[in-house]
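Survey of secondary and tertiary structure
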Amino acid sequence: MARYACADLHGRYDLYQGILDFIKPEDTVYFLGDANDRGNQGWQLIKEIYKNPQFIYLKGNHEDMLVHALLEYWDQGPVDGYWYRMCMNNGGYQTFEDAIADPDCREWIKRIANLPLNAEVDTVEGKV
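This text gives an overview of the structure that appears in the document.

Reading the values: rules and limits
- Residues numbered from 1 in each chain as written.
- Predicted model: local features only at pLDDT ≥ 70, side-chain atom pairs only at ≥ 80, totals over all residues.
- Heavy atoms only, no water.
- Helix = DSSP H or I, 4+ residues; strand = E, 2+ residues; numbered from the N terminus.
- Expected span 1.5 Å × (residues − 1).
- Buried < 20%, exposed > 50% of the residue type's maximum accessible area, 1.4 Å probe, protein only.
- Polar contact = N/O pair within 3.5 Å; in protein donor to acceptor, adjacent residues only side chain to side chain.
- Contact = heavy atoms within 4.5 Å.
- Arc of directions from axis to C-beta.
- Right-handed = clockwise from strand over helix to strand, strands pointing away.
- Pairing = 2+ DSSP bridges.
- Axes fitted to C-alpha atoms, helices over the stretch in contact; angles between N-to-C directions.
- Parallel < 35°, antiparallel > 145°, perpendicular 65-115°, else oblique.
- Left-handed = near helix turned anticlockwise from the far one by under 90°.
- Salt bridge = Lys/Arg side-chain N within 4 Å of Asp/Glu carboxyl O.

Below, the discussion takes up helix α3 (residues 61-76). The end-to-end C-alpha distance of α3, which contains 16 residues, comes to 22 Å, matching closely the 22 Å that a straight helix rising 1.5 Å per residue would cover. Three or more residues of α3 are buried, namely H62, E63, M65, L66, V67, A69, L70 and E72. Following α3 by one or two positions, G77 has its phi on the positive side, about 85°.

Backbone geometry at D8 places phi at a positive 60°, although glycine is not the residue there. Note that D8 resides in the loop between β1 (3-6) and α1 (13-22). For D8, a relative accessible area of 43% translates into the label partly exposed. Within the chain, R38 stands out as a residue other than glycine whose phi angle is a positive 70°. Locating R38 in the fold gives a position in the loop between β2 (28-31) and α2 (42-51). Given the relative accessible area of 52%, R38 is considered exposed.

Another point: the side chain of T95. Among the secondary structure elements, T95 is positioned in helix α5 (residues 93-101). We classify T95 as buried; its relative accessible area is 0%. Of the polar contacts made by the side chain of T95, one reaches the backbone nitrogen of D37; its length is 3.1 Å. Residues in contact with T95, not counting those within four places in the same chain, are N36, D37, G42, W43 and L66.

Moving on: α5. Of the positions making up α5, those classed as buried are T95, F96 and A99. Buried residues along α5 cover an arc of 100° about the axis, so they all sit on one side. Looking at the buried residues of α5, the elements they touch are α2, α3, α4 (82-89) and α6 (105-113).

Quick look at the pairing of β2 now. Each regular strand shows side chains that alternate between the opposite faces of the sheet. Here β2 shows no split at all, with T28 and Y30 on one side and V29 and F31 on the other all buried. In terms of handedness, the path from β1 via α1 over to β2 forms a crossover that is right-handed. Alignment of β2 against strand β3 (residues 55-57), held across 3 bridges, turns out to be parallel. Residue pairing across strands places Y30 opposite I56, the latter belonging to β3.

Turning our eyes to something else, we now look at the packing of α3 against α6. Relative orientation and spacing of two packed helices are given, respectively, by the angle between their axes and the distance between those axes. The interhelical angle for the contact between α3 and α6, taken along N-to-C directions, is 140°, at an axis separation of 10 Å. As the angle between them shows, α3 and α6 are arranged oblique. Considering the relative orientation of α3 and α6, their crossing is left-handed. Of α6, the residues touching α3 (which contributes E63, V67, L70 and W74) are C105, R106, I109, I112 and A113.

This next bit is on the pattern of salt bridges. Using the criterion set out here, one finds 4 salt bridges in the structure. Between K47 and D102 there is a salt bridge, and its shortest N-O distance comes to 2.7 Å. Linking K47 in helix α2 with D102 in the loop between α5 and α6, this pair joins segments that are 55 residues apart in sequence. The exposure classification of K47 matches that of D102, with both residues buried. With a closest N to O distance of 4.0 Å, K51 and E48 form a salt bridge. With K51 and E48 both in helix α2 and 3 residues apart, the pair spans about one turn of that helix.

Written as structure tokens, this is what we have:
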């Protein structure tokens, strides 16, 4: 069983698919966040990584921006708030639009908001 770490796929589902093609069924991938924004498949990628039992999904700053932007949007309506601007300035338009079009978006945002920020890993030296 191998363990891998990766991050910053930024909506590039093709890169995720490359990882899936590379790893074996017994392997674990620690995904260090930033699945969304910039690329066109960020919302889909968030959900796929979250559901994949081989992946340990840790929340990155882009996931955090998306959560805040959507909470702001639901609270204040379609205004140009701070978190919305942060999301857009970081290439989050497509992810944001795909998220609000998803009927299960609110449930997904709860899941994303509750992603861990770190994970312990057993090594030959102990836990790190």
